[in-house]
Amino acid sequence: MNHTLLSVEEFASRRQRFADQLPNASVALFPANGEITRSNDTEYPFCQNKNFYYLTGFNEPEALLVMVKDASGNSTSTLFCREKDPLQEVWHGRRTGPEQAQKQYGFDAAYINIEADKRLPEFFESADRVYFCFADQPAFEQQVFNWLTQVKAGAKQGKKAPAQLLDCSAQIAEMRLFKSSAELGIMRKANVLSGLAHQRAMKQSAVGKFEYQIEAEMLHEFTLHGARYPAYGSIVAGADNANILHYTDNQDALIDNSLLLIDAGGELAGYAADITRTFPVNGKFTDPQATIYQLVLDSQLAVIEAIKPGANFAQLTDIAIRVLTEGLVELGILTGDIEQLIEDKACKDYFIHGLGHWLGLDVHDVGDYHIDENRRQLRAFEPGMVMTIEPGLYFPADCLEVEPKWRGIGVRIEDNIVVTEQGYENITVNSPKTIADIEALMAK
Ligand code: GLY
Ligand code: MN
Ligand code: MN
């Protein structure tokens, strides 16, 4: 992960804002991710735990952030991390080590990670509560209980263990939901480099090439611009494969007169872009493809126009359903009374997923979608939230209830949108989207 794009001050201010929410006499724990074995002695590329990353910017495994707010309300941040080790570093890469980590990342203290077992029980002794993100890291709960057990073992010497374990996932998610201007700057860059990749894919598309070859073009462009890894497994889905929502096999040949759906975005400094484009393999939409494509695009544009503070996902979904339903009735794919079909959400037979989701450090980013206790009412948008808008229509090859001309068509169009004070900013600025723009680019 290129983690140099945000300032040390930004991470420090996040820790401060989190600490401000903690009651006095609390400890909060944020473990880093571990490395994950791919096979034998090789690992998957390391991906940092996003909550840990959000609060530290520190991109090594085997680390732990401990935030303490003492009884008088003073807060401190301590990092535990791998020690410097010349032999390991010759083989596996540089380690920051506690001394440099404290200086470079602005922690109040830093220690080698094996000291955690000695120091965590000490932190616990003066705390009433321990916070961590439940079910965020395998086996971490057990680790916390081990430290609690150590403190409790000292009960006869007057040691007191914290009585409450609390989940702070929601507090962190709420912070992550609202992006700072620096975060938005990175997300714009992630979108632009991903847009270049979508352009490249369109230009390189040709009958007979394989989906993985187009995937390679995308990855090439991501990496060229500093996004070493895609934000999620790239979906490069030709023809009927587009009707498999999370198709990542990417192994089939591209067929003449068919569409290619690409859902792929680069991850820059930990932040995801999530863009989908659907275009004709040979550069020219057939009439049925153009018809379905334009309908999905019309619905997407209508939805995006409605994004502003106060709007919510339920309202946007209603707009998408209205546009898609009216279009499907006009095409004879749905029949009946339009208002009744809308009420019945009949278009959901073909628009088979949600309209969008929060976007940020995770592609399906954290952040509560609901506000009321019954968890029915969707929360109103506020400036700084970032979301995807991705309507689609899917007619699998074996979908016998539609005319043959629609079968095998799957279209999704996905942009990334920031809620602003005035309305919205579409940060997906350079991924061609109109039929004219796509065909013009592919004709070059
Ligand atoms: N790329 C997964 C999604 O669009 O939600
Ligand atoms: Mn998405
Ligand atoms: Mn997507």
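Parameters and conventions
Residues numbered from 1 in each chain as written. Chains lettered and ligands numbered in written order. Predicted model: local features only at pLDDT ≥ 70, side-chain atom pairs only at ≥ 80, totals over all residues. Heavy atoms only, no water. Patch = residues over 30% accessible without salt bridge, like charges linked within 9 Å, V, L, I, M, F, W, Y side chains within 5 Å. Areas by Shrake-Rupley, 256 points an atom, 1.4 Å probe, with all protein chains shown as cover. Salt bridge = Lys/Arg side-chain N within 4 Å of Asp/Glu carboxyl O. Lys, Arg positive; Asp, Glu negative; His and termini not counted. Charge placed at Lys NZ, Arg CZ, Asp CG, Glu CD. Helix = DSSP H or I, 4+ residues; strand = E, 2+ residues; numbered from the N terminus. Buried < 20%, exposed > 50% of the residue type's maximum accessible area, 1.4 Å probe, protein only. Donors = N, O, S within 2.8 Å, 3.2 Å for Na, K, Ca; no water. Tetrahedral: all angles 85-135°; square planar, octahedral: opposite > 155°, others 65-115°. Pairing = 2+ DSSP bridges. Axes fitted to C-alpha atoms, helices over the stretch in contact; angles between N-to-C directions. Core = buried A, V, L, I, M, F, W, Y, C linked by side-chain atoms within 4.5 Å. Contact = heavy atoms within 4.5 Å.

A closer look at a negative patch on the surface
Moving on, step 1. Side chains of E35, D41, E43 and E62 sit close together on the surface and give a patch of like negative charge.
Moving on, step 2. With respect to the helices and strands, E35 occurs in the loop between strand 1 (26-31) and strand 2 (37-39).
Moving on, step 3. Overall, E35 belongs to the partly exposed group, its relative accessible area being 44%.

Here's the deal with the coordination of the manganese ion (ligand 2)
Moving on, step 1. Looking at the manganese ion (ligand 2), the protein donor atoms are D274 (OD), H357 (NE2), E390 (OE) and E414 (OE), and they sit 2.0 to 2.2 Å from it.
Moving on, step 2. With six donor atoms in place around the manganese ion (ligand 2) and angles of 50 to 156 degrees between them, the coordination shape is irregular.
Moving on, step 3. Within one chain, the residues donating to the manganese ion (ligand 2) are spaced in sequence as D-x82-H-x32-E-x23-E.
Moving on, step 4. In this structure, the manganese ion (ligand 2) lies 3.3 Å away from the manganese ion (ligand 3), the two metals sharing D274 as a donor. Placement of the pair is E390 in the loop between strand 15 (386-389) and strand 16 (392-395) and E414 in the loop between strand 17 (409-412) and strand 18 (415-419), with a sequence separation of 24 residues.

Observations regarding the coordination of the manganese ion (ligand 3)
Moving on, step 1. Those donors, D263 (OD), D263 (OD), D274 (OD) and E414 (OE), are the protein atoms that reach the manganese ion (ligand 3), and they lie 2.0 to 2.4 Å from it.
Moving on, step 2. Classification of the site at the manganese ion (ligand 3) rests on its six donor atoms, whose angles at the metal span 57 to 171 degrees, yielding the label irregular.
Moving on, step 3. When the donor residues of the manganese ion (ligand 3) are listed from N- to C-terminus, their spacing reads D-x10-D-x139-E.

Description of the sheet that holds strand 15
Moving on, step 1. The three strands lie next to each other as 15-18-19, forming an open sheet whose pairing is antiparallel. On the outer flanks of this sheet lie strand 15 and strand 19 (424-426), each paired with one strand and no other. On average, adjacent strands in this sheet sit at an angle of 30 degrees to one another, irrespective of strand direction.
Moving on, step 2. Both strand 15 and strand 18 contribute to a ladder of four bridges, which runs antiparallel. Residue M387 lies in a different strand from strand 18, and its bridge partner there is I417.

Here we look at the nonpolar core
Moving on, step 1. Grouped together as the largest cluster of nonpolar side chains are 106 residues, with contacts concentrated most on F18, F30, F381, M387, I389, L393 and F395.
Moving on, step 2. Beyond its immediate chain neighbours, meaning those up to four positions away, M387 contacts I307, F313, L316, H357, W358, L359, F381, D415, N416, I417 and V419.
Moving on, step 3. Among the nonpolar cores identified, the runner-up in size contains 19 residues, and V66, A127, L148 and A161 belong to it.

Notes on the pattern of salt bridges
Should their charged atoms come close, side chains of opposite charge can pair.
Moving on, step 1. Enumeration over the complete set of coordinates arrives at 22 salt bridges.
Moving on, step 2. Across the salt bridge formed by R14 and E10, the nearest N and O atoms sit 3.4 Å from each other. Placement of both R14 and E10 in helix 1 (residues 8-21) is noted, with a separation of four residues, approximately one turn of the helix.
Moving on, step 3. The shortest N-O distance in the salt bridge between E339 and R322 comes to 3.0 Å. Of this pair, E339 sits in helix 12 (residues 338-343) while R322 sits in helix 11 (residues 313-330); the two residues are 17 residues apart in sequence, bridging distant segments of the chain.
Moving on, step 4. We classify R322 as partly exposed; its relative accessible area is 34%.
Moving on, step 5. The structure contains a network of salt bridges with shared partners spanning R176, K179, D362 and D365.

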